[in-house]
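Structural overview for review
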Amino acid sequence: MATRPMTSVITGDIIKSRSLNNPKLWLQTLKNALATIEKDHSLWEIYRGDSFQIEIKQVEKSFEAAVYIKACIKTIKGLDVRLAIGLGSKTYSGEFVTESQGEEFLNSGTTLETLKKSKQSLKIKTSNKTLDQELNLYFKLAAISMDRWTVHQAEIVKLSLEHPNAIQEELGKRLGINQNTISRRQKRANLEEVLELNNMYQQKISKEL
């Protein structure tokens, strides 16, 4: 019997979504973020008002996708997001992502529930408990910075991920600010460390594939 390919799923929900009088503001931001990550709309869905799920077929890209979603949501003052990454083999592909089944969907969904209880904002679950313990420690440390991103810091993280090869001057022109301001915001957001963590994540996940 052929081995099913591994895939990844991010399940999340918006924190304090009801604090805004205009839900269209964050809803459109979330839709844009998910559509940027995955153009195939059948692979992501927003449900129950402020919850969502997206399949990331390039498994090693799942952490970067989670960081991007967080950055997008935190460009809106007062909002944040909980994100649970699940890895595994899909056993059934539904018409919509929320109808699909497999261990990655179970891992992601159950992990989101633990996030709500532990008040953490990012966690992963795979079939490798040792890997989970290591990555979740890194995520917990990274969240100390990411959870505190200001709107401006989140904005620069979002833009930096969208244009990974752009130099600071180019990013500055897009935002109408100078290179020094871009550099300062990237440093305060600990962007370099987040990208280093992403590289390590990709290497470790690739070994699991």
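Along every chain, residues carry numbers that run from 1 in the direction the sequence is written. In view of the model being predicted, local features appear only for residues whose pLDDT reaches at least 70, and side-chain atom pairs are presented and counted only at 80 or more, with totals across whole chains, interfaces and linings using the full set of residues. Side-chain numbers here rest on the full set of heavy atoms in the structure, without hydrogens or water.

The subject of this paragraph is the side chain of Lys74. Only DSSP runs of H or I with at least four residues qualify as helices, and only runs of E with at least two residues qualify as strands; both kinds are numbered from the N terminus onward. Mapping Lys74 onto the fold places it in the loop between helix H2 (62–73) and strand E4 (80–92). To sort residues, take the accessible area from a 1.4 Å probe on protein chains only and compare it with the maximum for the residue type: under 20% means buried, over 50% means exposed, and anything in between is partly exposed. A residue is classified by how much of its surface remains accessible, and Lys74, at 8% relative accessible area, is buried. Each residue touching Lys74, except ones within four places of it in the same chain, is listed here: Leu79, Asp80, Met146, Asp147, Trp149, Thr150, Val151 and Ala154. Throughout, a contact is declared for two residues whenever any of their heavy atoms are within 4.5 Å.

The next point concerns the packing of helix H5 (residues 151–162) against helix H6 (residues 168–175). What counts as an axis is a line fitted to C-alpha atoms, over the stretch in contact for a helix, and the angles between N-to-C directions run from 0 to 180 degrees. Across the interface, H5 lies against H6 with an axial gap of 11 Å and an inter-helix angle of 120°. When the interaxial angle is binned, H5 and H6 end up oblique. Crossing angle aside, the handedness with which H5 passes H6 is right-handed. The residues of H6 that touch H5, namely those facing Glu155, Ile156, Leu159 and Ser160, are Leu171, Arg174 and Leu175. Per-class residue counts for the contact of H5 with H6 are four nonpolar, one polar and two charged. Geometric relationships in this document are graded by angle, where less than 35 degrees denotes roughly parallel, more than 145 denotes roughly antiparallel, 65 to 115 denotes roughly perpendicular, and other angles denote oblique. Two helices that cross are described as forming a left-handed crossing if the nearer one is turned anticlockwise from the farther one by less than a right angle, and a right-handed crossing if clockwise. Lys, Arg, Asp and Glu make up the charged group, whereas Ala, Val, Leu, Ile, Met, Phe, Trp, Tyr, Cys and Pro make up the nonpolar group; the residues left over, Gly among them, are polar.

Turning our eyes to something else, we now look at the nonpolar core. Here, nonpolar core refers to any group of buried Ala, Val, Leu, Ile, Met, Phe, Trp, Tyr and Cys residues whose side-chain atoms link them within 4.5 Å. Grouped together as the largest cluster of nonpolar side chains are 47 residues, with contacts concentrated most on Ile85, Phe139, Trp149, Val157 and Tyr201. Top contributing element to this core by residue count: H2, with nine residues. With residues up to four places along the chain from it excluded, the contact list for Ile85 reads Val9, Ile10, Ser62, Phe63, Ala66, Ser108, Leu122, Lys123, Ile124, Lys125, Phe139 and Tyr201.

Time to look at the pattern of salt bridges. When a carboxyl oxygen of Asp or Glu lies within 4 Å of a side-chain nitrogen of Lys or Arg, that pair is called a salt bridge. Here the structure, examined in full by the defined rule, presents eight salt bridges. Where Asp80 meets Lys74, a salt bridge forms, and the shortest distance between an N and an O atom there is 3.6 Å. Per residue, the accessibility class of Asp80 equals that of Lys74, and both read buried. A salt bridge links Lys116 to Glu113; the nearest nitrogen and oxygen atoms lie 3.5 Å apart. On the criterion of helical spacing, the pair formed by Lys116 and Glu113 is a turn pair, its members being three residues apart in helix H3 (residues 103–118). On the basis of relative accessibility, which here comes to 31%, the residue Lys116 falls in the partly exposed class. One connected set of salt bridges, linked through shared partners, spans Asp13, Arg82, Glu113 and Lys116.

So, on to helix H4 (residues 129–146). How far a helix is expected to stretch is found by multiplying one less than its residue total by 1.5 Å. Between the first and last C-alpha of H4 there are 24 Å, a value that for 18 residues agrees with the 26 Å anticipated at 1.5 Å per step. Among all positions in H4, only Leu131, Asp132, Leu135, Asn136, Phe139, Ala142, Ala143, Ser145 and Met146 are buried. All buried residues of H4 lie within an arc of 150° about the axis, which places them on one face of the element. For H4, the exposed residues set more than 90 degrees away from the buried face come down to Thr130, Gln133 and Leu141. Between a side-chain oxygen at the N-terminus of H4 and the backbone nitrogen of Thr130 the separation is 3.1 Å; the capping residue is Asn128. Think of the arc as the fan of directions from the helix axis to the C-beta atoms. Side-chain atoms alone can form a polar contact between residues adjacent in sequence; in general such a contact is a pair of N or O atoms within 3.5 Å, and within protein one must be able to donate a hydrogen while the other accepts it.

For patch building, the residue pool is restricted to those with more than 30% relative accessible area and no salt bridge; the joining distance is 9 Å between like charges and 5 Å between nonpolar side chains (Val, Leu, Ile, Met, Phe, Trp, Tyr). For accessible areas, the Shrake-Rupley method is used with a probe of radius 1.4 Å. Any residue's cover is judged against the shown protein chains and nothing else. There is a patch of nonpolar side chains on the surface, built from Leu137, Leu141 and Ile144 and spanning about 300 Å² of accessible area. Take Ile144: it is sitting in helix H4. Since its relative accessible area comes to 48%, Ile144 is described here as partly exposed.

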